[in-house]
Amino acid sequence: MTTQDINFTTQEYKQRIAKTRRAMTAADLDAVFVTDPSNMAWLTGYDGWSFYVHQGVILTQSGDPIWWGRVMDTLGAKRTVFMDSNDCIRGYDDSFVQNPDKHPMQELAKLLAEHGLQDARIGVEMDNYYYTAAAHAALVNGLPDARLQDATGLVNWQRAVKSDQEIVYMRRAARIVETMHARILQLAEPGLRKNDLIADIYATAIRGADGHWGDYPAIVPMAPSGLDATAPHLTWDDKPMQNGEATFFEIAGAHRRYQCPQSRTLFLGEVPRKYRDAEAAVLDAIDAGLEQAKPGNQAQDIANAFNATLNKAGFQKDSRCGYAIGISYPPDWGERTISFRRGDTTVLEAGMTFHFMPALWLDDGGLEITEPILITPDGHECLCNTPRELFVKA
């Protein structure tokens, strides 16, 4: 291993692996093949923009994990993973890359058989952005005697409670997103082209805060204005900002791939009464939800308290109002496990981190005032200090 800047100690990686193996045993698995880059990084430290080709981590019930991917990316693996043996880094020939006549999973099947897994029970992440139908078919064909079963989320759930060092990284990301929101409030004005504002947001994010550098976020800034802000996931264009319009900024600070998303809404000009009413309702509902954010409560307790308070004020939110966050790669900064919504009975534990996402979409705009939170032994901590209000510039 040649890396000089590993994110975590070898002991922490070993603890993560042991935790994952216990989950594998509970699922009656001999091995897992992990393709989610967030899970790959969490288990081994691997970090590179190579997830557009087939790659993954093999974890069995003993020994170090094996990183497997394109041969040119083995160099990046040597720079980033905690394993110090070349046997733990394996690459396939570049002729397999995006070649309709053969598939990298044919080579993975040979590697798994080489390690005695030709008839094993192997978990794969079936519902995953990075594991395709063609990949699964090729792996099944290459391992006809193995039993491949869905292990989607198996590693994700092991990531739910953060270590002390992970929380350090998330707090650094929180300082970055605070700086981003402050910069937006400083620059935004009528006539400013949205793309020019986004360019400055990116620059602020990458420069970082408090001496800590900014990483790329797992989602691009979402910053729709006016009627575009009635939809939740639009990005930006070159249109000038205008008086009489609300713009919500759903953005994230990131540090060492740990994501801290936070949203705020800016209104240019005089604020209509309905926006003030929505703001008051959302702020009261946030307070009610946060009162339930403590160990021993269930994820749905936060959602139920939030929605009950919102409904009393005459507003309704149909979608979930929060989700787990941590280390993430595009296209999603969520962990795809716990959600704040009715029916999610996951018990909250100290060390869990969430994006509490109380957003409303009105008939002529949107209102997002959100908080990244950490569950603490005695309750919760809001990771950011950004003022919790509708921002206004007259």
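The structure under discussion appears in the preceding block.
Chemist: Quick question: what am I supposed to make of the overall build of the protein chain here?
Modeler: The secondary structure content of the protein chain amounts to 10 helices and 16 strands. Its C-alpha radius of gyration of 22 Å places the protein chain within 12% of the 21 Å reference for a compact globule of 394 residues. Along the longest, intermediate and shortest principal axes, the C-alpha atoms of the protein chain span 70 × 45 × 40 Å. Across the 394 residues in the protein chain, those meeting the buried criterion constitute 56%.

Chemist: Which parts of the structure should I look at to understand the nonpolar core?
Modeler: Where a protein is soluble and globular, its nonpolar side chains tend to be buried together. Trp67, Leu154 and Tyr258 are the most contacted members of the largest nonpolar core, which has 41 residues in total. Breaking this core down by element, the ones donating at least two residues are helix H1 (10-26), strand S1 (31-34), helix H2 (37-44), strand S2 (56-60), helix H6 (154-158), helix H7 (164-187) and strand S9 (322-325). Not counting the four nearest positions on each side in its chain, tyrosine 258 is found in contact with Phe8, Arg16, Trp42, Glu166, Tyr169, Met170, Ala173, Gly253, Gly326 and Ile327. Ala278, Ile286, Ala299 and Leu348 belong to the second-largest nonpolar core, a separate cluster that totals 34 residues.

Chemist: What exactly am I supposed to notice about the packing of H7 against helix H8 (residues 194-207) here?
Modeler: Where H7 contacts H8, the two axes come as close as 9 Å, and the packing angle between them is 150 degrees. Looking at the two axes, H7 sits roughly antiparallel to H8. In this structure, H7 crosses over H8, and the sense of that crossing is right-handed. From H7, Ile176, Thr179, Met180, Arg183, Ile184 and Leu187 reach across to H8, where they touch Leu197, Asp200, Ile201, Thr204 and Ala205. Among the residues making up the contact of H7 with H8, the classes are represented as seven nonpolar, two polar and two charged.

Chemist: Just to check I follow, could you spell out the side chain of asparagine 156 for this structure?
Modeler: Locating asparagine 156 in the fold gives a position in helix H6. Looking at asparagine 156, its side chain comes within polar contact range of the main-chain oxygen of glutamate 335, at 3.1 Å.

Chemist: Before we go on, may I ask you to explain unusual backbone geometry in this structure?
Modeler: Of all residues except glycine, most have a negative phi; of all peptide bonds, most are trans. With an omega of 15 degrees, the peptide bond running from proline 330 to proline 331 counts as cis. Inspection of the secondary structure assignment puts proline 331 in the loop between S9 and strand S10 (334-339). One non-glycine residue, aspartate 28, lies in positive phi territory at about 60 degrees. Considering the arrangement of structural elements, one finds aspartate 28 in the loop between H1 and S1. In this structure, arginine 336 takes a positive phi of about 60 degrees despite not being glycine. Tracing the backbone through its elements, the reader meets arginine 336 in strand S10.

Chemist: Sorry if this is basic, but what is going on with the sheet that holds strand S14 (residues 371-376) here?
Modeler: By way of backbone hydrogen bonds, the strands of a sheet pair with one another, either parallel or antiparallel. In space, the five strands of this open sheet follow the order S10-S9-S11-S14-S15, with antiparallel pairing throughout. Taken across any chain shown, the strands that pair with only one partner, and hence form the sheet edges, are S10 and strand S15 (379-382). Each neighbouring strand pair of the sheet contributes to a mean axis angle of 40 degrees, computed without reference to strand direction. Bridge count between strand S11 (residues 353-356) and S14: four bridges; the pairing is antiparallel. Opposite phenylalanine 354, over in S14, you have isoleucine 373 as the bridge partner. Contacts from helix H9 (residues 273-291) reach S11, S14 and S15 within the one sheet, and its direction differs from that of S11 by about 160 degrees.

Chemist: What should I look at first to understand the pattern of salt bridges in this one?
Modeler: It is possible for side chains bearing opposite charge to pair when their charged atoms get close. This structure, assessed with the given rule, holds 26 salt bridges. Measuring nitrogen to oxygen at the nearest pair gives 2.6 Å for the salt bridge that ties lysine 14 to aspartate 64. Of this pair, lysine 14 sits in helix H1 while aspartate 64 sits in the loop between S2 and strand S3 (66-70), placing them 50 residues apart in sequence. Here lysine 14 falls in the partly exposed class, since its relative accessible area comes to 40%. Note that arginine 70 and aspartate 94 form a salt bridge whose closest N and O atoms lie 2.6 Å from each other. Of this pair, arginine 70 sits in strand S3 while aspartate 94 sits in the loop between strand S4 (89-92) and helix H4 (104-114), and the two are 24 residues apart along the sequence. Here aspartate 94 falls in the partly exposed class, since its relative accessible area comes to 34%. The network of salt bridges with shared partners includes Asp28, Asp30, Arg121 and Arg147.

The rules we used
Residues numbered from 1 in each chain as written. Predicted model: local features only at pLDDT ≥ 70, side-chain atom pairs only at ≥ 80, totals over all residues. Heavy atoms only, no water. Helix = DSSP H or I, 4+ residues; strand = E, 2+ residues; numbered from the N terminus. Rg over C-alpha atoms; globule rule 2.2 N^0.38 Å. Buried < 20%, exposed > 50% of the residue type's maximum accessible area, 1.4 Å probe, protein only. Core = buried A, V, L, I, M, F, W, Y, C linked by side-chain atoms within 4.5 Å. Contact = heavy atoms within 4.5 Å. Axes fitted to C-alpha atoms, helices over the stretch in contact; angles between N-to-C directions. Parallel < 35°, antiparallel > 145°, perpendicular 65-115°, else oblique. Left-handed = near helix turned anticlockwise from the far one by under 90°. Nonpolar A, V, L, I, M, F, W, Y, C, P; charged D, E, K, R; others polar. Polar contact = N/O pair within 3.5 Å; in protein donor to acceptor, adjacent residues only side chain to side chain. Pairing = 2+ DSSP bridges. Salt bridge = Lys/Arg side-chain N within 4 Å of Asp/Glu carboxyl O.

Purely geometric stuff here, so don't read any function into it on its own.
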